[in-house]
Amino acid sequence: MTSTTLEKEEPKVKHYTKSIPNAPEDNRPLEVRSNLEYGKLTSKKHLYVSKHPVGEPLPTPIDDEPPYAILIATYICFLILIIIGHIRDFFGKIFKPEEYADLIEKDGYAPWYDGFESFYVRRLKARIDDCFARPIHGAPGRYIKCFNRKRDGKTDYLYDGTSKECLNLSSYNYLGFAQSSGVCTDYALKCVDEYGTSGCSPRLYSGTTDLHRQCEQVIADFVGKEDAIIVSQGYGTNANFFASIADAKTLVISDELNHASIRFGIRLSGASVKVFKHNDMKDLENLIRNQIAQGQPKTHRPWNKIIIAIEGLYSMEGNMCNLPEIVRIKDKYKCYLFVDEAHSIGALGPDGRGICDYFSVDPASVDVLMGTLTKSFGATGGYIAGDKDFIAKLRLNYITQGYSEGVPPPVLGQIISSLKVIKGELNPGEGEERLQRIAFNSRYLRLGLKKLGFIVYGADDSPVIPFLLFVPSKMPAVSRMLYDMGVAVVIVSYPATPLISGRARLCVSSALTKEDLDYVLAKINDIGDLTYLKFSSGIAGGSKIPGEPPRWSIEEVLATNVEDCKKPKLM
């Protein structure tokens, strides 16, 4: 068949949206816009220092389970959706073949998609896509602007050019640096004036600008390492890193909930990989011992190196790695330790230096620290930090060094200035307030949800707060009702989570005020009563009487939560 014929047979791609209009201009005064991007602190009582007591073991998070009736209802709902979907697919291929051309064999050629494999996306996710992909514009600060739209057919949307301003609990803007004004913005603009937007400058240092080297050194000093290397893309930092340090004679031991970028990078490297149960230290140690005893497959020779790969803060569960215990195991068996701090850097620790700072662990105990700059620092890209010799070698064989674009100067300026604010070198006191505000906000919102009776996952100090929905029909209900009330949240479901544990994930920011969180708690409380989401047993905390289901009213929660959330361990 000729290429021309093939093009005729190829089904047309269905556009997800029709043209999105230009973002409306915000002509409000700068002071008003600034307050919408970063709320003012209303009381010194709304501050807290995020730090784990030295020497105390990390409490094992207790995952509360709903009543059996909820689990059964969840499975039944999915079963009904699957049966109806397959019935429609069966008869649709017979009576409306033009609508199912992608799934039907034609002229001896296989269909574009397998009906069963694409079933979830076509029949389940597509029906609630408005909950997963809402276009936004403007700075994702305390408030976020979402384009108003309505359905036009099955996959398209119509936009009227207007926007809805919602409280933002959907962005990883942990420290609130994603602002359109302020010291960081001024610093970034200064870098544009001096270096331009592409970084072309006569002042080169080893093939890059001196601003790149300055940024790398600032990052290294911040995380407590000798040197660092920056990458223009966060996902690519992990996806290409393991290919530079691992080969077929390397064993990588990975936490089962590690991010997709880590798993992809390990596969790309060709290294052998073994997975241990999430945060299970006994399983990790047993796995290492067995692998040391067995050695490489077939030859049984010792592994050239064994790398333990973990995350500091897990973004779907909201819990942390048990870093002190992992460091002990790593030292005991002479392994290397890689820690992904994409979500923990800037968001944890009294100085915002991540998981090592939170647990008071010497960064020298961790061989490689990786992090992204898109979340806490309001920039883009990622970094790898380690010993000077290790980073020097990485500059030569790291794929991204030769095949990716460099980080633009204004982004470097944003990174450098935000780190200097945190360290107190710019606007002294501002960085400390931001760190203490996110620590307070995280604990305040988490404890409030527990008291109201929701099943909440994660560690006490985590800024990622997932509360469970379970039944699939409740996912769009919660998302749409909160959106109508002016609250933007993230709904997460399969395949990012197990099929039956769909959830709403609240991402806390220091830009939010205590009054904002009170509003969110009140609205979620109303929705929880309406859709029957309060089925916590109390085993994971939040009860007036330990072990009993939480029975707090919203008035009691708001009256007691400030003091209760400052206790070392949330009730």
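Residues numbered from 1 in each chain as written. Predicted model: local features only at pLDDT ≥ 70, side-chain atom pairs only at ≥ 80, totals over all residues. Heavy atoms only, no water.

As recorded in an unreviewed UniProt entry, the protein chain goes by serine C-palmitoyltransferase and comes from Candida viswanathii. Looking at the protein chain in UniProt, the text filed under Cofactor (unreviewed entry) is "pyridoxal 5'-phosphate". UniProt lists a comment for the protein chain under the heading Sequence similarities (unreviewed entry), and it reads "Belongs to the class-II pyridoxal-phosphate-dependent aminotransferase family." (UniProt positions renumbered as here; feature names shortened; annotations may be inferred.)

**Quick notes on unusual backbone geometry**
Going from Tyr 494 to Pro 495, the amide bond is cis rather than trans, its omega being 10 degrees. Within the secondary structure layout, Pro 495 lies in the loop between strand S14 (487–492) and strand S15 (503–507). Even without glycine at this site, Asp 107 takes up a positive phi of about 55 degrees. With respect to the helices and strands, the residue Asp 107 is situated in the loop between helix H3 (68–95) and helix H4 (119–124). Here the phi dihedral of Tyr 532 falls at roughly 55 degrees; this positive angle occurs in a residue that is not glycine. (Helix = DSSP H or I, 4+ residues; strand = E, 2+ residues; numbered from the N terminus.)

**Comments concerning a nonpolar patch on the surface**
On the surface, a cluster of nonpolar side chains totalling about 750 Å² of accessible area is made up of Leu 79, Ile 83, Ile 87, Phe 90, Phe 91, Ile 94 and Phe 95. With respect to the helices and strands, Phe 90 occurs in helix H3. A relative accessible area of 52% places Phe 90 in the exposed class. (Patch = residues over 30% accessible without salt bridge, like charges linked within 9 Å, V, L, I, M, F, W, Y side chains within 5 Å. Areas by Shrake-Rupley, 256 points an atom, 1.4 Å probe, with all protein chains shown as cover. Salt bridge = Lys/Arg side-chain N within 4 Å of Asp/Glu carboxyl O. Buried < 20%, exposed > 50% of the residue type's maximum accessible area, 1.4 Å probe, protein only.)

**Remarks on the side chain of Glu 285**
Among the structural elements, Glu 285 can be located in helix H9 (residues 281–294). For Glu 285, the side chain forms a polar contact with the side chain of Lys 332, separated by 2.9 Å. Once residues lying within four places of it in the same chain are set aside, the contact partners of Glu 285 are Arg 328, Ile 329, Lys 332 and Tyr 333. (Polar contact = N/O pair within 3.5 Å; in protein donor to acceptor, adjacent residues only side chain to side chain. Contact = heavy atoms within 4.5 Å.)

**Details of the packing of helix H15 (residues 430–452) against helix H18 (residues 554–564)**
For the pair H15 and H18, the least separation of the axes is 10 Å and the interaxial angle reads 140 degrees. Between H15 and H18 lies a crossing whose hand is right-handed. Contact residues: Phe 440, Tyr 444, Leu 447, Gly 448, Lys 451 and Leu 452 in H15; Ile 554, Val 557, Leu 558, Thr 560, Asn 561, Val 562 and Asp 564 in H18. Looking at the contact of H15 with H18 residue by residue, the classes come out as 8 nonpolar, 3 polar and 2 charged. (Axes fitted to C-alpha atoms, helices over the stretch in contact; angles between N-to-C directions. Left-handed = near helix turned anticlockwise from the far one by under 90°. Nonpolar A, V, L, I, M, F, W, Y, C, P; charged D, E, K, R; others polar.)

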